[in-house]
Amino acid sequence: PAHPRHAPGNRYQIADTIEEVYRAIDREVGAMIEAAGPGVQVYAVSAHGMGPLYHASWNLPDMLDYWGYGTESNHAHRAEELREGSINFWRILRMLVPGRLQYATFAALPRRLQHELVFRFYRGNRSWDQCRAFAVPNNDAIGAIRVNLKGRDRAGIVEPGAEYEQVCNDVCAALAQLKDPVSGRPVVKYTSRIQRELSGPYLDRLPDITVRWDASFPWSAVHSPRFGIVQLRDQDFRTGSHTAHGFLIATGDGIPRAATISGASIYDVAPTIMDGVGVPTPTGCEGRPLFATND
């Protein structure tokens, strides 16, 4: 409902359509609960929410160039400059070609060409060989950046240790300075240093930095004190995306009626269901039973 196109009377006439979908789903859920019979525990769970999408993921390569980490030769940009973000030909082509034809063509290609198309969709015709940091495929709501590290990446040029830390810190600081030039509000909700926050055998394959954009208000440009304003341009038909907040609705024996759950996480769903059928929560499980029917 927070999406601009959800409002009644908009030219896309989406509002009534979405409401009808909601009603149809509600009827089906009601039918399943009735079919399950009295006393049976029923859970309706959404692992995440949905909302409007405002992001600058497609223009991260431009910004990294302006900050001096890309391949552009001229990094001297005045803070008052106004420019339009670059357009990726491959992304525009994807917008123009019908989805069914896209998938049929993609499936018919050899695996090597499939991989090449995916990466061109994200990088265009750029080469990453001379970049100290570059944007990598992830999704539009969460941008991802990889440092071109010696000994890890094919054409690595950044030394491990102090230089790597300096690049990561500077990129994160530059991202934190990005603001909407209209409202003056920051457009980055937070950045994550993946190498510090996660662990595991495939950690080196992940991005070094992720950036979560703030989609709580509309914005269509970014301002940086280091390069000025970049006007973002549409390169995807998608106007909405996932949000971090989902929901859980439950009914049945052992579940308190009209109770409100607070402080819960998606990790709690499995322990809650196991507890409801008398199975102890396994050791090491991060979640907790929300209704604690088992002592």
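Residues numbered from 1 in each chain as written. Predicted model: local features only at pLDDT ≥ 70, side-chain atom pairs only at ≥ 80, totals over all residues. Heavy atoms only, no water.

**Q** Can you walk me through the packing of helix H3 (residues 89-96) against helix H5 (residues 111-123) in this structure?
**A** Each pair of packed helices can be summarised by the angle the axes make with each other and by the distance between the axes. Running from N to C, H3 and H5 point in directions that differ by 110°, and their axes come no closer than 6 Å. When the axes of H3 and H5 are compared, the pair comes out roughly perpendicular. Between H3 and H5, the contacting residues are Trp-90, Arg-91 and Arg-94 on the first element and Leu-117, Arg-120, Phe-121 and Tyr-122 on the second. Considered class by class, the residues forming the contact of H3 with H5 number four nonpolar, no polar and three charged. (Axes fitted to C-alpha atoms, helices over the stretch in contact; angles between N-to-C directions. Helix = DSSP H or I, 4+ residues; strand = E, 2+ residues; numbered from the N terminus. Parallel < 35°, antiparallel > 145°, perpendicular 65-115°, else oblique. Contact = heavy atoms within 4.5 Å. Nonpolar A, V, L, I, M, F, W, Y, C, P; charged D, E, K, R; others polar.)

**Q** Just checking my understanding: could you explain the pairing of strand S7 (residues 209-213) for this structure?
**A** Two faces, one strand: in a regular strand the side chains alternate between the faces of the sheet. Along S7, five of the five residues are buried, which leaves the element largely enclosed by surrounding structure. Going residue by residue along S7, you find Ile-209, Val-211 and Trp-213 tucked away on one face and Thr-210 and Arg-212 tucked away on the opposite face as well. In the sheet, strand S5 (residues 142-147) pairs with S7 via four bridges, with the strands oriented antiparallel. Bridge assignment links Ala-144 to a residue of S7, and that residue is Thr-210. (Buried < 20%, exposed > 50% of the residue type's maximum accessible area, 1.4 Å probe, protein only. Pairing = 2+ DSSP bridges.)

**Q** Honestly, the sheet that holds strand S4 (residues 133-135) in this entry has me stumped. Any pointers?
**A** Two pairing modes exist for strands in a sheet, parallel and antiparallel, and in both the strands are linked by backbone hydrogen bonds. With respect to topology, four strands assemble into an open sheet ordered S4-S5-S7-S6, the strand pairing being antiparallel. Strands at the two margins of the open sheet, each flanked by one partner only, are S4 and strand S6 (188-193). Strand-to-strand twist of the sheet, defined as the mean angle between neighbouring strand axes without regard to direction, takes the value 20°. Across three bridges, the pairing between S4 and S5 is antiparallel. Following the sheet pairing, Ala-135 is matched in S5 by Ile-145.

That is the geometry; function is a separate question.
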